[in-house]
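Results of the structural survey
Next come the chains, spelled out residue by residue.
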Amino acid sequence: MYAWNDEQLMIRDAVREFIEAEIAPKREELEFGDTPPYDLLRKLFATFGMDQMARDRFEKTIAFEKSVEAAVAAGDSPPERESRNEGNDPSLSMIPIIELCRYSPGMVTAMGVSMGLSSAAIMSKGTIAQKERWALDLLTLDKIGAWAITEPNSGSDAFGSMKATARRDGDEYVLNGSKTFITNGPYADTIIFICKLDEGNPPEERKVLSFVLDSGMPGLEQSKPLRKMGMHSSPTGELFLDDVRVGIDRLIGETEDLPSGGRDGAKATFTIERSGVAAMALGMIGKALELCIEYAKERVQFGQPIGEFQLIQDKLARMEVARLNVENLVFRYIETTRDGVSLTLAEASAMKLYSARAAMEVALEAVQIFGGNGYMSEFQVEQIARDAKVLQIYAGTDELQITHIAKDLLRR
Amino acid sequence: MNVIVCVKQIPDPALPGELDADNTLKRDGKLILDESDSYGVEMALQLVTAAGGGAVSLVSMAPNEEVSGLRTALAMGAEKAVLVSDPSLAGADALTTAKVLAGAVGKAGDYDLVIAGTESSDGYTGTVPEQIAEVLGLPSVTFAKSIAVDGDTVKVERQTEAGYDEVTCPLPAVVSVTAGVVEPRYPSFKGIMAAKSKPVENVTAADLGIESVSWAQSITAVEDAPAREAGEIIEDDGETFNKIVEYLDNLKVI
């Protein structure tokens, strides 16, 4: 594909109209007023039936898993899963991401962590009961989820330096630790808490376990939103656990010996997350370029629009090159996914690395084109420049993407 | 309950329009659903939901078998459409359009109510809904700002300059709606994906039994509206407010 088809255009136009009517006018309060994004996201979901689509998909998945369970219990051979990609059009998730990022990339972060990462942790490894208890509400955004892995001393090396612990105590576990930079942390209803099982053994030998916590449990404290450079519409916070007691029903999979899912499981998560960042970059680059073209035509200096100056033209041309490249990567992802072909780890990482760098470069050049105005919060390019930086940090830093690309190439 | 909605597909008002040789609007590009018809579609969908069953069907007349605007209304939830596309109808006047749409209504199946916008955003004749009613031999209610169906009658609040009239009328009837009647929904993703497989029946004037098409109306000339005259510029010397007061006083507005 080289362009959106009629149907995708209709979706894009409808979503854009909604966002320009409902979200763009609230940019100030989302950016500087600590207004949580969840009600607007829920309205977006309800308006376009995204909640109902998630519910339908969930019910289909659970019905299938129950039929497998019943067949296994009866000693029959389990039914075969329908092709995963049948009827799966990734543009349906990509278009809202791209369009939201034209005004509020933070909302995509808040949405993605809740309905993506947090629900996926339960949907991939949880029991059917756990999925019904927690995952459906996350997928529909009825409840907000947080995925708590990062700690003050563990970032890219998440498991190596993880300090959070679970200790067995009778039939229960006692959880302790602090987490930071947790998206949705301040407001999450459902928290996936990742920690190590402390059996008195050395930390590097401990099993990694994931628990599902509810907001308000005794011993669990959720901080206020942290001040940060950008992504202001995505509330980020700290979590503190002080002897939080949980039963095995909150241990994902209800077993300490969960198969890890191996390289394929991790790769699938990385691919979804990294393609999402590419879509975010496309939305931000597209908007920055539009704003710059408009400004270059209108802003007059030395008696002519600044777009007449070749140094400004050079910036616009480079932005268009970046936009085309990122758009091609996003279109390529949509097409391969629709054909049931998954990206290699190197491809997914390369897509994220390039898109994040391109977004940062375009955003900084956009500020430069706007000059003094661009440094002012009143002009949207200032926000785009602050928001873009995190694309090079979260979902795996640029440095981590480079190592993943190289390792994947060298492994072959 | 079945409702038929007359919808017009028009050139995108956001783009600069062009005229054909006969001084009518060029319509050879992509046409979109006239926003003033999206209110009628929404009203019809709500009436069918309130009635607990039935369908919303669309009728439209457009060149080149254009369906882009119809797809939007189908994505909102209408079930099917009849599209009259016939080169002989290019530049048709309001009465001819009404005859054609009335014929299309006859093709769209059983109905209890026909809804149309008060006027289109490109032609603005504002007469087609009443003419359709006359051709079909049905009662016509105009300028509806609310519609409720009660058994075999329709209750309409009819917008007037001073307020509104309450009108009750037997069904079937033709009702034209204002932009205030309801807030049109956004089409859902599922609706958009389903729209392309919904049936659109393409017919010609002959299919509707309209054999010879001609109309007396023609547009002889089109001229730009006169440009606004330049206003009077008063330099502010600190006492300018007196001049403004004097000016407004002369207009007898204060």
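A few points about the domain arrangement of chain A
Residues and elements named next belong to chain A.
- Taken domain by domain, chain A consists of domain 1 (6–143), domain 2 (147–260) and domain 3 (262–410).
- When each unit is reduced to the centre of its C-alpha atoms, the spacing between domain 1 and domain 3 is 24 Å.
- Listed by partner, the interface residues are 20 residues for domain 1 and 26 residues for domain 3.
- Of the roughly 1900 Å² buried between domain 1 and domain 3, counting both surfaces, carbon and sulfur atoms make up 60%.
- Counting across the interface, domain 1 meets domain 3 through 3 salt bridges.
- Measuring nitrogen to oxygen at the nearest pair gives 4.0 Å for the salt bridge that ties Asp89 to Arg338.
- Counting across the interface, domain 1 meets domain 3 through 9 residue pairs in polar contact (both at pLDDT 80 or more).
- At the level of elements, helix H2 (27–32), helix H5 (91–101) and helix H6 (105–125) are the ones that each hand at least two residues to the side of domain 1 that touches domain 3.
- Ranked by residue count, the leading element in the side of domain 1 that touches domain 3 is H5, at 5 residues.
- Its residues placed into classes, the side of domain 1 that touches domain 3 shows 10 nonpolar, 6 polar and 4 charged.

Focus on helix H4 (residues 50–73) of chain A
- Spanning 24 residues, H4 of chain A covers 34 Å between terminal C-alpha atoms, matching the ideal 34 Å at 1.5 Å per step.
- Those residues of H4 of chain A lying buried are Met50, Asp51, Met53, Ala54, Phe58, Ile62, Phe64, Glu65 and Ala71 of chain A.
- In this fold, the buried residues of H4 of chain A make contact with helix H3 (38–47), H5, H6 and helix H7 (128–139) of chain A together with helix H5 (189–195) of chain B.

Cut-offs and rules
- Residues numbered from 1 in each chain as written.
- Chains lettered and ligands numbered in written order.
- Predicted model: local features only at pLDDT ≥ 70, side-chain atom pairs only at ≥ 80, totals over all residues.
- Heavy atoms only, no water.
- Domains from an automatic or database assignment.
- Contact = heavy atoms within 4.5 Å.
- Buried area = accessible area lost by both parts, 1.4 Å probe.
- Salt bridge = Lys/Arg side-chain N within 4 Å of Asp/Glu carboxyl O.
- Polar contact = N/O pair within 3.5 Å; in protein donor to acceptor, adjacent residues only side chain to side chain.
- Helix = DSSP H or I, 4+ residues; strand = E, 2+ residues; numbered from the N terminus.
- Nonpolar A, V, L, I, M, F, W, Y, C, P; charged D, E, K, R; others polar.
- Expected span 1.5 Å × (residues − 1).
- Buried < 20%, exposed > 50% of the residue type's maximum accessible area, 1.4 Å probe, protein only.

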